[in-house]
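Single-letter residue listing:
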Amino acid sequence: MKFKEYDVIIVGTGVSGLYAALNLDSSMQILMLSKRELTLCNSALAQGGVAAVMDTSNDNYELHIKDTLIAGGYKNNIDNVRILVEQGPKDVKNLLNYGVDFDRKQDGSIDLTLEGGHCRHRIAHHKDSTGFEIVTSLIEGVKKLSNVTILENTHLLGLTKRGDDFLFDVLHEGKHSYYTTKNTILATGGIGRVYDYTTNSAIATGDGIQFAYNMGADIQHLSYVQFHPTAFADHENRECFLVSEAVRGEGAYLLNCNKERFMHKYEPERKELAPRDVVSKDMMKEQKETGSDKFYLDISYKDPEFIKNRFPMIYNKVLEKGYDMTKEPIPIYPCQHYLMGGIGVNGHGATNVKGLYAAGECAHTGVHGINRLASNSLLEALVFSRLIAEDINKNNTHRELGTLEADYPSPDGKPLPKGIRTEIRHIMQRSYFVVPDYVEAAKDIKRVTELKNLLDNGGFEVTPDYIEAKSLTTVAYIILSEVVAEGKEKGII
Ligand SMILES: Cc1cc2nc3c(=O)[nH]c(=O)nc-3n(C[C@H](O)[C@H](O)[C@H](O)COP(=O)(O)OP(=O)(O)OC[C@H]3O[C@@H](n4cnc5c(N)ncnc54)[C@H](O)[C@@H]3O)c2cc1C
């Protein structure tokens, strides 16, 4: 088999993949893979914005660090939090150079907003569709680079390492193609699709984590999963529409089934502005109190024009579902949203596997601790993907690229049995939603292990469906292993 060589191969074209490509030395040949269209990723769904200390007259690094640590339960990697917070403003300013159009105040300065867990207005945003604005601006920037080849609708199906060389098997336009490099950046995003209900896009199946795990990379704290308290309560769709944290930031109230405020009972000071994990857990407590899973978010007491102008996307989406948020409360419920754990990396995004880097949601830099502070994720994607690029630039010695000859296993095999992905999703939804059910997890891990063994050794044809089933099963296996270990430690099981 012939493998075409690149200096760097980046798997993923969300904010972390794109920004890494933009910061790599232009003398290097770079290949980027995107399993679906370029804008189908979690980055493009981000609504609220990017958190950074941009207004030094009202804010400072220590306050942003403190908020990040409080939200993260002080389980954060403090060195990396410092890197995140202190380097963040540089990258947010740099986005302006790529044409990102952040909302402005009348005096021309960036209009910074407030979100849950932040003690200052520090979220730069483009209305309520910040991620799409950033992704489309960065795509435009990358497309101008003649050293970058982007393969869209191209699924990574195999990634292994021989010596210093990574070997890639990808499916592009129905055909397998083979590539090699000594520098791989995994920027494959989250794992939301391991749940029945998630805010994540269809690509979030944990493929990068599965490949890294199978290459011997250290996977850290995969059970640090975030459940956002305010997804639109619409269990007709697997992808739940998020009602941004910024709506609470602008003063929305959380109401129980009796349309009464309740957060003051659990969080007397922060009320609705407590961090996400706290609010989601408080909603579960309130559900026990009232016996009802009906919850609402209400901002209808504010000026309708302000709501429509500040949240045009959310307003229109919710209106499509039959609710006018300028006039009435809208139904919401917690839902899987984000992964804090991931592929373990150091302060410049390197894993324990030589030449393998991980950036963005698939990576674990430790900046989020056990719960990510709102709008710190895009910031992490930006800061650490740039640091990865700088590390590769520093170590790069320019050499001629060629073709590598190597054997590679055939993708042929038996068809994948139906229903594995659905079964995994049901298992995760019942054994770990907001708070882990240790007893259920201890039962479910047996079935997940069985499915993992079947997928690893069953001789199935290597297709996108097979890889996604294998990734979801591997991710579920690692998460539930951690949950079961925790349950044993606590003496519950
Ligand atoms: C609804 C929603 C709202 C959010 N709002 C905010 C917010 O306001 N602020 C904030 O900071 N964060 C927010 N987040 C989180 C944030 O958007 C993400 O964590 C972040 O953008 C992840 O970026 P990424 O580059 O790591 O991954 P993604 O943007 O998800 O990109 C992953 C890429 O990997 C590719 N890929 C995956 N597997 C394969 C494969 N097998 N082969 C080829 N390519 C593959 C995909 O095609 C995609 O291009 C939000 C998330 C969601 C879902």
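All values reported here derive from a predicted model rather than from experimental measurement.

Chemist: Break down the domain arrangement of the chain for me, citing the residues and quoting the values.
Modeler: Here the domain parsing of the chain yields domain 1 (2-224 + 340-405), domain 2 (231-333) and domain 3 (420-489). Put simply, the middle of domain 2 and the middle of domain 3, counted by C-alpha atoms, are 31 Å apart. Counting residues at the interface gives five residues for domain 2, matched by four residues for domain 3. Considering only the surface of domain 2 that becomes buried against domain 3, Arg238, Lys281 and Met284 emerge as the three largest contributors, covering 77% of it. Summed over the shared surface of domain 2 and domain 3, the number is zero salt bridges. At the surface where domain 2 touches domain 3, the tally comes to zero residue pairs in polar contact (both at pLDDT 80 or more). Here the side of domain 2 that touches domain 3 takes three residues from helix H9 (residues 276-290), the largest share from any one element.

Chemist: Give a description of the sheet that holds strand E17 (residues 356-358) that names residues and reports values.
Modeler: What the five strands build is an open sheet, ordered E6-E3-E2-E10-E17; its pairing is parallel. In the strand order of this sheet, the two ends are held by strand E6 (148-151) and E17, each with one partner. Taken pair by pair, the neighbouring strands of this sheet meet at an average axis angle of 15°, ignoring direction. Alignment of strand E3 (residues 30-33) against E6, held across four bridges, turns out to be parallel. Among the inter-strand pairings, Leu33 is bridged to a residue of E6, identified as Leu151. Across the sheet, helix H1 (residues 15-23) touches strand E2 (8-11), E3 and strand E10 (183-186), and the angle it forms with E3 is around 170°.

Chemist: Break down the sheet that holds strand E9 (residues 175-181) for me, with residues and values.
Modeler: If you walk across this open sheet you meet the five strands as E7-E8-E9-E1-E19, and the pairing is mixed. Edge strands, defined here as strands with exactly one partner in the open sheet, are strand E7 (154-162) and strand E19 (403-405). Taken over all neighbouring pairs, the strand axes of this sheet differ in orientation by 30° on average, direction set aside. Relative to strand E8 (residues 165-172), E7 is paired through eight bridges, and the arrangement is antiparallel. Its bridge partner being in E8, His155 is matched across the sheet by Leu171. In this fold helix H15 (residues 464-489) packs onto E7 and E8, with an angle of close to 65° to the strand it touches most, E7.

Chemist: Talk me through the site of the ligand; I want residue IDs and the actual numbers.
Modeler: Near the ligand, the surroundings consist of 37 residues, among which Ser16, Ser43, Glu361, Ser377 and Leu378 are the closest. The contact in question runs from an oxygen atom of the ligand to an N or O atom on the backbone of Thr13, over 2.9 Å. One of the side-chain N or O atoms of Glu361 is found 2.7 Å from an oxygen atom in the ligand. For the ligand, the protein covers 99% of the area, taking 1000 Å² as the surface of the free molecule. Within the residue set of the shell around the ligand, elements represented by two or more residues are H1, helix H2 (42-45), E7, strand E15 (330-339) and helix H12 (376-395). Split by residue class, the shell around the ligand holds 12 nonpolar, 21 polar and four charged.

Chemist: How would you summarise the environment of Asp303 if you had to cite specific residues and measurements?
Modeler: Relative to the helices and strands, Asp303 is located in the loop between strand E14 (295-298) and helix H10 (304-310). Residue classification places Asp303 among the partly exposed positions, given a relative accessible area of 46%.

Chemist: Give me the lowdown on a nonpolar patch on the surface, citing residues and values where you can.
Modeler: On the surface, Val439, Ile492 and Ile493 cluster together to form a nonpolar patch covering roughly 240 Å² of accessible area. Summarising the element assignment, Val439 is placed in helix H14 (residues 438-457). Residue Val439 is classed as partly exposed on the basis of its relative accessible area, which comes to 46%.

Chemist: Lay out the packing of aromatic side chains in plain terms, naming residues and giving numbers.
Modeler: Under the defined criterion, the tally for this structure stands at 14 aromatic pairs. Relative to Phe433, the ring of Tyr333 has its centre 6.1 Å away and its plane inclined at 20°; by these criteria the two rings are stacked. Within this pair, whereas Tyr333 is found in strand E15, its partner Phe433 is found in strand E20 (residues 432-433), the two being separated by 100 residues in sequence. The residues Tyr333 and Phe433 share a single accessibility class, namely buried. An aromatic cluster of three or more residues is present, and its members are Tyr195, Phe227, Phe262, Tyr266, Phe295, Tyr333, Tyr432 and Phe433. Above the ring of Tyr338, the side-chain terminus of Arg372 is found at 4.1 Å from the ring centroid.

Rules behind the numbers
Residues numbered from 1 in each chain as written. Predicted model: local features only at pLDDT ≥ 70, side-chain atom pairs only at ≥ 80, totals over all residues. Heavy atoms only, no water. Domains from an automatic or database assignment. Contact = heavy atoms within 4.5 Å. Buried area = accessible area lost by both parts, 1.4 Å probe. Salt bridge = Lys/Arg side-chain N within 4 Å of Asp/Glu carboxyl O. Polar contact = N/O pair within 3.5 Å; in protein donor to acceptor, adjacent residues only side chain to side chain. Helix = DSSP H or I, 4+ residues; strand = E, 2+ residues; numbered from the N terminus. Pairing = 2+ DSSP bridges. Axes fitted to C-alpha atoms, helices over the stretch in contact; angles between N-to-C directions. Near = heavy atom within 4 Å. Areas by Shrake-Rupley, 256 points an atom, 1.4 Å probe, with all protein chains shown as cover. Nonpolar A, V, L, I, M, F, W, Y, C, P; charged D, E, K, R; others polar. Buried < 20%, exposed > 50% of the residue type's maximum accessible area, 1.4 Å probe, protein only. Patch = residues over 30% accessible without salt bridge, like charges linked within 9 Å, V, L, I, M, F, W, Y side chains within 5 Å. Phe/Tyr/Trp six-rings, centres within 6.5 Å; stacked < 30°, edge-to-face > 60°. Lys NZ or Arg CZ within 6 Å of the ring centre and 35° of its normal.

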